[in-house]
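Understanding the architecture of this molecule
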Amino acid sequence: MYGMLLESVQYFVQQEYGDEIWQKALVMAECKYAVFKKLHIYQVYPDHIMSNIASALAKLTSKSYDSFMNFFGHCFVRFFSNYGYDATIKATGRNFTDFLESVDNIHSQFRLSYPKMKSPSMYLTKVDRNGCILVYRSKRMGFTHYLMGQLDQIATEVYNLELECQVLSTETGEVDGKTIVIVTLRLNFDNTHYILAKQVKEEAHLRTISKLPPFNCDLLLVLFPFAILFDPAMSIVAIGEKLTQVAEGGHKLLGQPVSKYFRLRRPKGINFTWKNVSNLRSVMFEIEVLRTEFTKVHTDNKELLVEKVENLSDSIEVDGKNISPYASRRDSQPGVKNILLKGQMLYLTDVIGIIFLCCPVVNDIGELPDQGLYLNDMNPHGLAKELVLAGWQNNSKLELMFDKAEQRASELETNLSLLEVWKKRGDDLLYSMIPKPVAEKLRAGNSPLSTCQTFDSVSVMFCELVGFNSSTVEDAMELVSTMNAVFSCFDSLMDTFNLYKVETVGQIYMSVCGAPEETPLHARNVCDASLCMTRHVKQPQIPSGTKVDVRIGVHSGPVVAGVVGIKVPRYCFFGDTVNTASRMQSTSSPGMVHISDSTKKLLPKDKYIIRNRGVVKLKGKGDMETYWIFEDDLTDGID
């Protein structure tokens, strides 16, 4: 289904139930699309999305699935006025029944704007003063209440009627090998105006007919040279004179099944039967003339064609693919391509038959030779000739515009996919510079000053790479390569131990735990990460084979944090705790983790081996008692 249907659902669910319910429904429905807006309206989505959303909303609220599908139908009618489609409904007819009889025609007109639309088919079987009986046929299952919601909203909003819908029966059928659902609905509403208008029309016809003499039915076959007349048994009774020429002798077609030489194209989703044609007489029909059958019957030198179309159930191999005989018209020679007829079905009481009053669908002069037609074959009393000539002049421009529109639509779909990819990449880059909770505040429009926050207790870790120098250009390149390998390894450990990487300055790597996401285990997480870093620093494959080591210092205490900078904003930490952690690192030893007394007090006593280093003089801090920390499996042989 097109995105406009889902956009209407999103808009009104958010408006009436709130964005929180909508987001929960998307998660429960396992919908990977987060939004259906603007450029998404012409994108085609799977049919099950709407059903899944309705089921999810039913679980989140006290309402049923059917009530939400009915609500979605109301939403669509209330929403499509934004695109001017309400004007089409208002212009369809004076009464609600006129609209119901013309729904298929409306869908047919919209198929150019929405070529992938899977529209249902509807017709009326009984009309009275209290309403009518509507038969709804669709390939989509579970959308009956969605239709009922649409009809109710249209009756109320456009025709100012109170509508009551009742499902009389539901059954399934099969058309062209596809399963369809057939629902019979009783629509109760005040239909007095339609019945009175119909009576006035019939009375006017009776007065006119009484003054005019009857005419021969053959006159219709002259006025409409491509007309087809068939009886309730769906046998051909007569055909128009031009169609007789196309068939090279129409008398051989008389008495034959109409479905043998003609295929129903529109309305879609129905079989070519007397009942369906009778019920849909107000709908524009499109019928395809199967020229291969005419050629098969009337061509003397027919060995090649008979071999290809000897049995309509057999497939034909074209370019290595098996296709239906109907598709052979695209590869057929000029003059034998199928003709598409478009027109209206009219019931003739005198002969108890239905006549198809139609004309060929020809876009420009270039199509006439392919179909074996001429301008003189067109209806002389209509505008068929003028339309063909006009199409000849404008068709090239329309084709160019259509190709450009198709190209832009394809580019749009590609750009939408790329937009999602680049948005994710942008988010990943942003979250690498600023923590996600802080970034979301800035996105919401909050001032950078609002991100400043005091944390009573965090653990700060500084780690320095040692074991090499960069006195030459070659050494500098080796240093960069080594730092990239080691720091990439450290980056992968940050998420594992819930640490936030603050920055790297030269050969020093700084990280914090306990801010911006507070946790009472910050000292434990930092020490676990530090001990893990001392082991992993030896694992990366350094191109030059240089052996590197780290010296780490950890201190715990209060800090102040906030976003600093405009061009390259960073989430920075300030306070004496940061300075002390830096001094702990500078006085540490290679391969060792140096912690302060405040950090030691926050660690569990039975998890680590902690050795007193003694009193260490720290620059700007004076004498402090510090400690080495080890894991159990790393303490063997240490004095």
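Everything quoted here is computed from the prediction, not taken from an experiment.

Definitions and limits used
- Residues numbered from 1 in each chain as written.
- Predicted model: local features only at pLDDT ≥ 70, side-chain atom pairs only at ≥ 80, totals over all residues.
- Heavy atoms only, no water.
- Axes fitted to C-alpha atoms, helices over the stretch in contact; angles between N-to-C directions.
- Helix = DSSP H or I, 4+ residues; strand = E, 2+ residues; numbered from the N terminus.
- Parallel < 35°, antiparallel > 145°, perpendicular 65-115°, else oblique.
- Left-handed = near helix turned anticlockwise from the far one by under 90°.
- Contact = heavy atoms within 4.5 Å.
- Buried < 20%, exposed > 50% of the residue type's maximum accessible area, 1.4 Å probe, protein only.
- Pairing = 2+ DSSP bridges.
- Nonpolar A, V, L, I, M, F, W, Y, C, P; charged D, E, K, R; others polar.
- Phe/Tyr/Trp six-rings, centres within 6.5 Å; stacked < 30°, edge-to-face > 60°.

What follows is about the packing of helix 4 (residues 65–79) against helix 8 (residues 144–157). With their axes 7 Å apart at the nearest point, helix 4 and helix 8 run at an angle of 45° to one another. With respect to each other, helix 4 and helix 8 are oriented oblique. As for how helix 4 packs across helix 8, the hand of that crossing is right-handed. Residues Asp66, Met69, Asn70, Phe72, Gly73, His74, Phe76, Val77 and Arg78 of helix 4 form the contact with helix 8, whose own contacting residues are His145, Tyr146, Met148, Gly149, Gln150, Asp152, Gln153, Ile154 and Glu157.

Moving on: unusual backbone geometry. Along the chain, alanine 515 connects to proline 516 via a cis peptide bond; the corresponding omega equals -5°. Following the sequence through the fold, proline 516 ends up in the loop between strand 15 (508–513) and helix 20 (522–536). Phi angles above zero are rare outside glycine, and asparagine 498 is one such case at about 60°. In this fold, asparagine 498 is placed in the loop between helix 19 (473–496) and strand 14 (500–505). Its relative accessible area of 40% is what places asparagine 498 among the partly exposed residues.

Take the sheet that holds strand 5 (residues 228–230) next. Strand pairing in a sheet is mediated by backbone hydrogen bonds. Such pairs are either parallel or antiparallel. Spatially, the six strands line up as an open sheet ordered 6-5-12-11-8-7, and their pairing is antiparallel. The open sheet terminates on both sides in strands that have one partner only, identified here as strand 6 (236–239) and strand 7 (262–266). Each strand axis lies, on average, 30° off the axis of its neighbour in the sheet, ignoring direction. Alignment of strand 7 against strand 8 (residues 285–289), held across four bridges, turns out to be antiparallel. Looking across to strand 8, one finds that arginine 266 is bridged to glutamate 286.

Where helix 1 (residues 3–17) meets helix 4, the axes come as close as 8 Å, and the angle between the chain directions of the two elements is 105°. Of the possible angle classes, the one that applies to helix 1 and helix 4 is roughly perpendicular. For the pair formed by helix 1 and helix 4, the contact residues are Met4, Leu5, Glu7, Ser8, Val9, Tyr11, Phe12, Val13, Gln15, Glu16 and Tyr17 on the first element and Phe68, Phe71, Phe72, Cys75, Phe76, Arg78 and Phe79 on the second. Here the contact of helix 1 with helix 4 is composed, by residue class, of 13 nonpolar, two polar and three charged.

This part is about the packing of aromatic side chains. The final tally for this structure, using the stated rule, is 19 aromatic pairs. Both rings, one in phenylalanine 68 and one in phenylalanine 71, keep their centres 6.5 Å apart while their planes meet at 85°; by these two values the pair is edge-to-face. Taken as a pair, phenylalanine 68 and phenylalanine 71 lie in helix 4 at a separation of three residues, close to a single helical turn. Accessibility assignment for this pair places phenylalanine 68 and phenylalanine 71 in one class, buried. For the pair phenylalanine 143 and tyrosine 146, a centre-to-centre distance of 5.8 Å together with 80° between the ring planes defines the contact as edge-to-face. By the burial criterion, phenylalanine 143 is buried, and tyrosine 146 matches it. Here the aromatic residues Tyr17, Phe68, Phe71 and Phe72 are joined through ring pairs into a cluster of three or more.

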